[in-house]
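Here is what each chain is made of, one letter per residue.
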There are 2 protein chains.
Amino acid sequence: MMNTTYSSPIVTVDSVVFQLVQQKLAVLLIARTNQPFAGIHALPGGYVSAGETTLTAMTRIVAAKAGIELADCGVVEQLYTFDTVARDPRGHAVSVTYMALGRNIMPQLRSDTHYPQFFPIDALPEIAFDHAQIIQYAHERLKSKISYTNAIYALLPELFTLSQLQTAYEAVVSHPLDKRNFRKKILGLEIIHETDQTFRDGAHRPARLYRFNTQVVTNISSF
Amino acid sequence: MMNTTYSSPIVTVDSVVFQLVQQKLAVLLIARTNQPFAGIHALPGGYVSAGETTLTAMTRIVAAKAGIELADCGVVEQLYTFDTVARDPRGHAVSVTYMALGRNIMPQLRSDTHYPQFFPIDALPEIAFDHAQIIQYAHERLKSKISYTNAIYALLPELFTLSQLQTAYEAVVSHPLDKRNFRKKILGLEIIHETDQTFRDGAHRPARLYRFNTQVVTNISSF
């Protein structure tokens, strides 16, 4: 460590893990077992040690508190660093936050019982610290990100129908989209392509299955 | 502070201040006076104290080291938090970085002589720490940002010709743009409007002056 008497804020991490649950955007929360905010829901997070990166710390903490491998998420990116002085009543803690997008994520109950669980973002319980603000920031980032990248692929299975894709976009932007305009726009972006496979849902006509051109986040607007 | 023996990384800030200098994108650097990297150029940065936000610290440090008021920049936004363990030889320091976009910024030589100066990003001197990587990250963010927002307004005067605007875009994307396509695209975005004023440059025909619709960063792509 530095040879200094400087009093620095503590470095922490918090993670916003999103997935679709029953066609709704949902976020991973744990129930806190300790004070402050014991019994209240919060994002999985914790302290960073000198000598580990924030992503290493985040991966360690999400595995320990929710049994989830962050590396299994299709997109993991640093979000923003929240640093207001009063955000943690225990002292000034700067939180480097991450957003992860995944699918079929199954949180595991750990021995220290933090009850990890996905909640639809339109029906969140009471939230500890400034984590409601962090979730809102992540949601805005995600809305913005799907408007200029293909990042929504991380919320979808490898093969999907145009209806499924529209449902995913609608879940993120929180309002219905016109089917005809949506299909015209999405096909015009040239980020997905038709496969020769179809999907039959009950009595409906079989629907064509599509696939993203790439499973790497790619900018789709340009100058 | 927290009642803990936890060893946390130190929190620092570094700032990437961009402006156009002679039609080129340029970044503010200071010459370091202390070890490590004494005499080598670096971004203006320093330590964050417990009890101040990173933006407060950044504003204090940029004023102290370069005589620049960050608040005078048209855009100031948090960029990314750089956290690799070996980035500072003195110990693990997590740097919350900011990008600022301005114009007519005049660095002041301070009494502790850090020689603040703008360098074109295509002709940078040797750079200390991981600051070359931070500058590159900021440049990529800026390229991306001008493709989906109106943020380039912060690099331009309030009134500008379409040629000046094209020059600004070209300075950021680092390659020439086709004049006809550029004008069609920029007018189609509906982020600027014509004024009734013109500008005469020497023997050329007077050129129409334009103005941004808003001096607030606004998303221009949408779903």
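Residues numbered from 1 in each chain as written. Chains lettered and ligands numbered in written order. Predicted model: local features only at pLDDT ≥ 70, side-chain atom pairs only at ≥ 80, totals over all residues. Heavy atoms only, no water.

A short note on the overall build of chain A
Using the following cut-off: Put simply, DSSP marks the helices as runs of H or I at least four residues long and the strands as runs of E at least two long, and each gets a number from the N terminus on. The buried label goes to any residue with under 20% of its type's maximum accessible area, the exposed label to any with over 50%, and the partly exposed label to all in between, with areas taken from a 1.4 Å probe on protein chains only. The contact rule is simple, with two residues in contact once any of their heavy atoms fall within 4.5 Å. Accessibility throughout is a Shrake-Rupley quantity obtained with a 1.4 Å probe, and a residue counts as covered only by protein chains that appear here. In this tally, Asp and Glu contribute negative charge and Lys and Arg positive charge; neither His nor the terminal groups of the chain are included. Lys charges are placed at NZ, Arg charges at CZ, Asp charges at CG and Glu charges at CD.
Within chain A, the regular secondary structure consists of four helices and nine strands. Reading chain A from its N terminus to its C terminus gives the helix and strand order β-β-β-β-α-β-β-β-α-α-α-β-β. Taking all 223 residues of chain A together, the buried fraction comes to 51%. The contacts in chain A between residues at least 6 apart in sequence include a share of 65% that link residues at least 24 apart. As displayed, chain A offers around 10,600 Å² of accessible surface, 49% of which is attributable to carbon and sulfur atoms. Side-chain charges of chain A comprise 20 positive and 19 negative groups, with the mean position of each set lying 6 Å from the other.

Details of the packing of aromatic side chains
Rules: Centres within 6.5 Å make a pair out of two Phe, Tyr or Trp rings, where for Trp the six-membered ring is used; the pair is then stacked when the planes are under 30 degrees apart, edge-to-face when over 60, and tilted otherwise.
Applying the stated rule across the entire model yields 15 aromatic pairs over all chains. Relative to B:Tyr137, the ring of B:Phe82 has its centre 5.7 Å away and its plane inclined at 90°; by these criteria the two rings are edge-to-face. One end of the pair, B:Phe82, is in strand β5 (residues 75-82); the other, B:Tyr137, is in helix α2 (residues 131-148), and 55 residues separate them in sequence. Taking relative accessible area as the criterion, B:Phe82 reaches 6% and is therefore assigned buried. Three or more aromatic residues joined by ring pairs form one cluster here, namely A:Tyr80, A:Phe82 and A:Tyr137.

Side note on the packing of helix α3 (residues 162-173) of chain A against helix α4 (residues 179-189) of chain A
Residues and elements named next belong to chain A. For clarity, the cut-off: Interaxial angle, 0 to 180 degrees, is taken between N-to-C directions of lines fitted to C-alpha atoms, where a helix line uses only the stretch in contact. Oblique is the label for every angle not falling under 35 degrees (roughly parallel), over 145 degrees (roughly antiparallel), or within 65 to 115 degrees (roughly perpendicular). Charged residues are taken to be Asp, Glu, Lys and Arg, nonpolar residues to be Ala, Val, Leu, Ile, Met, Phe, Trp, Tyr, Cys and Pro, and polar residues to be all remaining types, Gly included.
Relative to each other, α3 and α4 sit at 100°, their axes nearing to 11 Å. On the basis of their axis angle, the class for α3 and α4 is roughly perpendicular. In contact with Leu 162, Ser 163, Leu 165, Gln 166 and Tyr 169 of α3, α4 contributes Lys 179, Phe 182, Arg 183 and Ile 186. Of the residues that constitute the contact of α3 with α4, the class distribution is five nonpolar, two polar and two charged.

Description of the pattern of salt bridges
All names here are of chain A. Condition: Every case where a carboxyl oxygen of Asp or Glu lies within 4 Å of a side-chain nitrogen of Lys or Arg is listed as a salt bridge.
Scanning the model with the defined rule gives 20 salt bridges over all chains in all. Asp 130 is the salt-bridge partner of Arg 87, the closest N and O atoms lying 2.7 Å from each other. Note that Arg 87 is positioned in the loop between β5 (75-82) and β6 (93-101) and Asp 130 in the loop between β7 (117-120) and α2 (131-148), a separation of 43 residues in sequence. As far as burial versus exposure is concerned, Arg 87 and Asp 130 are alike and both buried. Notably, a salt bridge pairs Arg 211 with Glu 158, separated by 2.4 Å at the nearest N-O pair. Of this pair, Arg 211 sits in strand β9 (residues 207-212) while Glu 158 sits in the loop between α2 and α3, and the two are 53 residues apart along the sequence. Its relative accessible area of 27% is what places Arg 211 among the partly exposed residues.

Side note on the interface of chain A and chain B
Cut-off, in case you're wondering: Buried area: the accessible surface (1.4 Å probe) lost by two parts on joining, summed over both. Two N or O atoms form a polar contact when they lie within 3.5 Å of each other; inside protein one atom must be a possible hydrogen donor and the other a possible acceptor, and for residues adjacent in sequence the pair counts only when both atoms belong to side chains.
Facing the 44 residues of chain A at the interface are 44 residues of chain B. Each partner contributes to the roughly 4,000 Å² buried at the junction of chain A and chain B, and carbon and sulfur atoms together form 64% of this total. Inspection of the region where chain A meets chain B yields zero salt bridges. Counting the contacts that link chain A with chain B gives 13 residue pairs in polar contact (both at pLDDT 80 or more). Elements supplying a minimum of two residues to the side of chain A that touches chain B: β1 (10-21), α1 (54-66), β5, β6, α2 and α4 of chain A. Considering only residue class, the side of chain A that touches chain B consists of 22 nonpolar, 16 polar and six charged.

Focus: the relation of the copies chain A and chain B
Quick reminder of the rule: Residues reaching a pLDDT of at least 70 in both copies supply the C-alpha atoms on which the copies are superposed by least squares.
Mapping chain A onto chain B calls for a rotation angle of 180° and an axial translation of 0.0 Å; the resulting RMSD is 0.0 Å. Expressed as a symmetry operation, the mapping of one chain copy onto the other fits a two-fold axis.

Focus on the nonpolar core
Let me state the cut-off plainly: Only buried residues count toward a nonpolar core. Its members are Ala, Val, Leu, Ile, Met, Phe, Trp, Tyr and Cys residues joined through side-chain atoms within 4.5 Å.
Counting 40 residues, the largest nonpolar core has B:Phe18, B:Leu101, B:Ile152, B:Leu165, B:Tyr169, B:Ile192 and B:Phe212 as its most contacted members. Secondary-structure elements contributing two or more residues to this core are β1 (10-21), β2 (24-31), β5, β6 (93-101), α2, α3 (162-173), α4 (179-188) and β9 (207-212) of chain B. Per element, the largest residue contribution to this core is seven residues, and it comes from α3(B). By size, the runner-up hydrophobic cluster in this structure holds 39 residues, among which are A:Leu25, A:Val75, A:Ala138 and A:Tyr169.

A word on the domain arrangement of chain A
Put simply, an interface is often sized by how much accessible area is lost when its parts join up. All names here are of chain A. For the record, the criterion: The split of the chain into domains comes from an automatic or database domain assignment.
Domain parsing of chain A yields domain 1 (10-147) and domain 2 (158-212). Inter-centroid distance (C-alpha atoms) of domain 1 to domain 2 is 29 Å. For the pair domain 1 and domain 2, the summed buried area comes to about 650 Å², and 72% of that belongs to carbon and sulfur atoms. The interface formed by domain 1 and domain 2 contains zero salt bridges. Put simply, domain 1 and domain 2 have one residue pair in polar contact (both at pLDDT 80 or more) between them. Those elements that provide at least two residues to the side of domain 1 that touches domain 2 are β2 (24-31) and α2.

Observations regarding the pairing of β6(B)
It is a general feature of regular strands that their side chains alternate between the two faces of the sheet. All names here are of chain B. What counts, and what does not: Pairing between strands is defined by DSSP: at least two bridges between them are needed.
With respect to burial, β6 is a largely interior element, nine of its nine residues being buried. Burial of β6 is two-sided: the residues Ala 93, Ser 95, Thr 97, Met 99 and Leu 101 facing one way and the residues Val 94, Val 96, Tyr 98 and Ala 100 facing the other way are all buried. Sheet topology places β1 next to β6; nine bridges connect them, and they run parallel. In the sheet register, Val 16 faces β6, and the bridge partner there is Met 99. Both β5 and β6 contribute to a ladder of seven bridges, which runs antiparallel.

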